[in-house]
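Given next are the chains, with one letter for each unit.
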Amino acid sequence: MGRRRTRHNSIRRGLIGGGAVLLALGAGAVAWAWEAAIPPQPRPAADGFPPKLVAEGARLAAVGNCIACHTVPGGRSFAGGLALPTPFGTIHSTNITPDEDTGIGRWSEAAFTRAMRRGVDREGRHLYPAFPYDHYTRVSDADNRALYAYLMTRTPVRAEAPANDLPFPLNIRMAVAGWKLLYFREGAFTPDPAKPEVWNRGAYLAEGLGHCGACHSPRNALGAVEKDRAWAGGEAEGWTAYPINQDSPAPVPWTADSLAFYLRHGWHPAHGVSRGPMAEVTGNLAGLPDADVVAIAAYVADRMGTPTAERLRRGEDLQALVPRLSADAGTPPGASLPAADGLAHPPAADSGRVGGDERGEAIYRTACATCHESGRPLPFGGLPFALSTAVNASTPQNIINVTLFGLPPGDGTVSAVMPAFGGALSDADMVALLRHLRGRFSEQPPWDGLERLVADTRSGAHHVAVRPADGIERAPRNVGAAD
């Protein structure tokens, strides 16, 4: 009897002791994760910021593509409220205009820098990593100061963001501290002394504000970038963000020069036009100095590495498919370009039929060839499909998107356009067409699961954000932000 009581007492003491340890650990975790609020301050006067600093901030905000996530299409710039679907639920972007009640008008520069550097808002709440502070942590104090000046001189907009729709425990901000412990490493950019200045400038912009890896990298089950597979391809708003490392599926290998041209103009004669979320990126980069665009291109080209001799040879052969451009390789979109001499095609023993299936070829001839075999140069002609990364990629998602939804025209600017064929082609037609394109214009194996991907994309089960080519759609007008 005495032994049983002693055993019960020991168990009770053990439970009490274990509970105390858990409480202590919990209290310690809360203490570790807790962040103090930074006191609010009156909104600084817009005319108190030097115009040169504001202009620099505008360029930096373009690198960060800030307007894209913080603007609802057709709404006021930077007023937030955009729904950002994630695998865990929907997050709504915040108002970053200088409104004092619903925006960041009462934020000091120190509060703004802490959000950029550590992912904590003025009130001390941990920010969800949909805001890419794991990249923005690399931004310098000087550039944060310029960004702050730019945002504080925007038009204040009173707009409360809708509540996030996240399940427990993700709806508890303190839980984000655990994610940070696992995946977030604070730290400014450190130049590589072994690399030239242009490379380091490009690395700073691409890895920091540009946050290229946020879209172009795969993510793990908790939504963190897989750092050992950085730049190996990812997804953004229903579009495939292609690998931009040595695994790039582009038929013609990218070079620093072709990347710079594409980032500056939103298209390249051997690679096509930017579309989907990338269209907003190139639309924003249009305001950057040439030196910064060249630096980003130099860094990305280095990340891609040197193509194999076979890939280079194949790319050189494919260059014959590029319609003739003017002598000035930098001719901007909308300029007068000479007519092409014609378009060569890769040989096809059975006129491009795949497995004897004539349906896909017939659809191609009727719906696609008029533009894509016209010989009209880009950006207003159709890219020869043998040059298409979408046709050669491991997933057909992007070519499904652009075939179903097309490329809508930009508002207020001359832009590349493509009609949407979703209303004209059935799912079976789409599958036949895509099989034909893959079989005739690439040397890659057939895609798996085409029927399901086409059906899910059309139905909206796979949501796709449709953007004009090379434009900033999330603004009062499709291109540019007037306010």
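Conventions adopted
- Residues numbered from 1 in each chain as written.
- Predicted model: local features only at pLDDT ≥ 70, side-chain atom pairs only at ≥ 80, totals over all residues.
- Heavy atoms only, no water.
- Salt bridge = Lys/Arg side-chain N within 4 Å of Asp/Glu carboxyl O.
- Helix = DSSP H or I, 4+ residues; strand = E, 2+ residues; numbered from the N terminus.
- Buried < 20%, exposed > 50% of the residue type's maximum accessible area, 1.4 Å probe, protein only.
- Contact = heavy atoms within 4.5 Å.
- Phe/Tyr/Trp six-rings, centres within 6.5 Å; stacked < 30°, edge-to-face > 60°.
- Lys NZ or Arg CZ within 6 Å of the ring centre and 35° of its normal.
- Patch = residues over 30% accessible without salt bridge, like charges linked within 9 Å, V, L, I, M, F, W, Y side chains within 5 Å.
- Areas by Shrake-Rupley, 256 points an atom, 1.4 Å probe, with all protein chains shown as cover.
- Pairing = 2+ DSSP bridges.
- Disulfide = S-S within 2.5 Å.
- pLDDT = per-residue confidence, 0-100.
- Polar contact = N/O pair within 3.5 Å; in protein donor to acceptor, adjacent residues only side chain to side chain.

Applying the stated criterion across every chain yields a total of 23 salt bridges. Notably, a salt bridge pairs E207 with R303, separated by 2.8 Å at the nearest N-O pair. Of this pair, E207 sits in helix α8 (residues 197-207) while R303 sits in helix α12 (residues 290-304); the two residues are 96 residues apart in sequence, bridging distant segments of the chain. Taking relative accessible area as the criterion, R303 reaches 25% and is therefore assigned partly exposed. A salt bridge links E373 to R365, with the shortest nitrogen-to-oxygen separation between them at 2.9 Å.

This part takes up the environment of G202. Within the secondary structure, G202 is located in helix α8. Note on G202: relative accessible area 0%, which makes it buried. Setting aside residues no more than four positions away along its own chain, G202 makes contact with A295, I296 and Y299.

The linkage connecting F168 with the following residue, P169, adopts the cis geometry, with an omega of 5 degrees. You can see P169 is positioned in the loop between α6 (141-152) and α7 (174-183). The omega angle of the peptide bond from L378 to P379 is 10 degrees, so this bond is cis rather than trans. Tracing the backbone shows P379 in the loop between α14 (358-372) and α15 (389-392). A positive phi angle, close to 65 degrees, is found at F78, a residue other than glycine. Residue classification places F78 among the buried positions, given a relative accessible area of 4%. One non-glycine residue, W231, adopts positive backbone phi at about 70 degrees. Among the residues examined, W231 registers a relative accessible area of 1% and is labelled buried.

Before going further, it helps to examine helix α16 (residues 397-405). Within α16, eight of the nine residues are buried, which leaves it mostly tucked inside the rest of the structure. Looking only at α16, the buried set comprises Q397, N398, I399, I400, N401, V402, T403 and L404. Those residues of α16 that are buried are in contact with β4 (239-241), α15, α17 (427-441) and α18 (450-459).

Right, let's talk about the packing of aromatic side chains for a bit. Under the defined criterion, the tally for this structure stands at 15 aromatic pairs. Between F131 and Y133, the ring centres sit 6.3 Å apart and the planes meet at 45 degrees, which makes this aromatic pair tilted. A relative accessible area of 23% means that F131 is categorised as partly exposed. Across the ring face of W231, the terminal group of R303 is positioned such that the distance to the ring centre comes to 4.4 Å.

Attention shifts here to a nonpolar patch on the surface. Judged by side-chain polarity, F168, I172 and M174 come together as a nonpolar surface patch covering roughly 310 Å² of accessible area. The topology assignment puts I172 in the loop between α6 and α7. Residue classification places I172 among the partly exposed positions, given a relative accessible area of 38%.

Where strand β1 (residues 83-86) and strand β2 (residues 89-92) come together, four bridges link them in antiparallel fashion. Each residue of the ladder has a partner; that of A83, found in β2, is H92. Hairpin connection between β1 and β2: a loop of two residues separates the two successive antiparallel strands.

Another point: the state of the cysteines. The tally for this structure, following the rule as stated, stands at zero disulfides. Of all cysteine sulfurs in the structure, the one in C215 sits closest to C69, which takes part in no disulfide; the separation is 8.0 Å.

Moving on: the confidence of the model for the protein chain. Detailed reading of predicted coordinates is not advised where the pLDDT is low. Summing up the model confidence of the protein chain, the mean pLDDT is 85 and the portion of residues at 70 or higher is 83%. Per-element averaging of pLDDT across the protein chain places helix α1 (residues 2-33) at the bottom with 44 and α8 at the top with 98. Below a pLDDT of 50 lies the segment residues 3-29, which in the model reaches zero contacts outside its immediate sequence neighbourhood of four places, other chains included. With pLDDT under 50 throughout, residues 325-356 is counted as low confidence; its partners more than four residues away or in other chains account for 51 contacts.

Position of N245 relative to the elements: it lies in the loop between β4 and α10 (256-265). A residue is classified by how much of its surface remains accessible, and N245, at 6% relative accessible area, is buried. In this structure the side chain of N245 is engaged in a polar contact, spanning 2.9 Å, whose partner is the backbone nitrogen of D247. With sequence-adjacent residues up to four places away left out, N245 is seen in contact with A230, W231, A232, R303 and M304.

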